[in-house]
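# Observations on the three-dimensional arrangement
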Amino acid sequence: GAAFQVMRSITMGRSHTKAGREFSEAEKDWAWGNVLELLKKFPKLNAYQSNILGRIPDEDLADALRSLLINDLPLCSRRRAYCDKNNFLNTFFQGLAADIIYEAAFDLSKKYLTTGSKTRIVNAIHDELVFEIPEDDLENEQSKIEASMTASARRYCGDVPMDVEFTVNDYWAK
């Protein structure tokens, strides 16, 4: 994938793209800045901290980044990492919203399965989750859903404000 591959190539010490174009200083700054952010989120990169902080290329670091891509990044992020640069850039925000939704859905599904709740997720459409919720649980479930969505958004976006809109209907409608 374009963006992730640029980051891996730079951390390996490559100076040019596969097409032969030299990486710009801005691309190098972007790559090392992103690797530094990954270091903060993934303890398995701690072994490469001195390389990352000193911007010292290392093939083992590049392999560790590849391992993150395959094993640790959310599914939607892995799909985006394999698309071309234009698709990656065009779908960044849609993909971010999808990652937030999928992570919240995963967390909520685990809770529903382990607690025996009658609430269930029945569909995900773009940036929406559709639930079936027993009427007597609506108020309680609303607060749980909003909290899970907000927590998921914070993991991806930090303190950027994200609103969660909760609507009750007998049927799904936009």
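Every value quoted in this text rests on a predicted model; they were computed, and no experiment measured them. (Residues numbered from 1 in each chain as written. Predicted model: local features only at pLDDT ≥ 70, side-chain atom pairs only at ≥ 80, totals over all residues. Heavy atoms only, no water.)

### Comments concerning the side chain of S152
With respect to the helices and strands, the residue S152 is situated in helix 8 (residues 138–157). Assessed through its relative accessible area of 0%, S152 is described here as buried. Not counting residues up to four positions away in its chain, the partners in contact with S152 are D99, I100, E103 and A104. (Helix = DSSP H or I, 4+ residues; strand = E, 2+ residues; numbered from the N terminus. Buried < 20%, exposed > 50% of the residue type's maximum accessible area, 1.4 Å probe, protein only. Contact = heavy atoms within 4.5 Å.)

### Digging into the pattern of salt bridges
With the rule as written, the count across this model stands at eight salt bridges. Ionic pairing is found between R120 and E132, a salt bridge with its closest N-O pair at 3.1 Å. Of this pair, R120 sits in strand 1 (residues 120–125) while E132 sits in strand 2 (residues 128–132); the two residues are twelve residues apart in sequence, bridging distant segments of the chain. According to the relative accessible area criterion, R120 is partly exposed, its value standing at 45%. Each of E103, D107 and R155 takes part in a single network of salt bridges with overlapping partners. (Salt bridge = Lys/Arg side-chain N within 4 Å of Asp/Glu carboxyl O.)

### Describing the environment of E146
Checked against the element boundaries, E146 lands in helix 8. It is 8.9 Å that separates the C-alpha atoms of E146 and D163, two residues lying 17 residues apart in sequence. Residues contacting E146, with those up to four places away along its chain left out, are V164 and F166.

### Comments concerning the pairing of strand 1
Consecutive side chains of a regular strand alternate in pointing toward one face of the sheet and then the other. Relative to strand 2, strand 1 runs antiparallel, the two being bridged by five bridges. Considered in strand 2, the bridge of A124 is made with L129. Counting the residues in the hairpin turn of strand 1 and strand 2 gives two residues, including H126, whose phi is positive at 50°. (Pairing = 2+ DSSP bridges.)

### Description of unusual backbone geometry
Within the chain, R55 stands out as a residue other than glycine whose phi angle is a positive 55°. The residue R55 is located in the loop between helix 3 (49–54) and helix 4 (59–71) in this model. Residue classification places R55 among the partly exposed positions, given a relative accessible area of 42%.

### Some points on the environment of L53
As for its placement among the helices and strands, L53 is situated in helix 3. In this structure, the C-alpha to C-alpha distance between L53 and L39, residues 14 residues apart in sequence, is 9.7 Å.

### Looking at the nonpolar core
Residues L38, L45, L61 and L65 are the most contacted members of the largest nonpolar core, which totals 17 residues. Counting residues per element, the ones that place at least two in this core are helix 1 (2–12), helix 2 (25–41) and helix 4. With five residues, the single largest contributor to this core is helix 2. Not counting the four nearest positions on each side in its chain, L61 is found in contact with T11, W32, L45, Y48 and I52. (Core = buried A, V, L, I, M, F, W, Y, C linked by side-chain atoms within 4.5 Å.)

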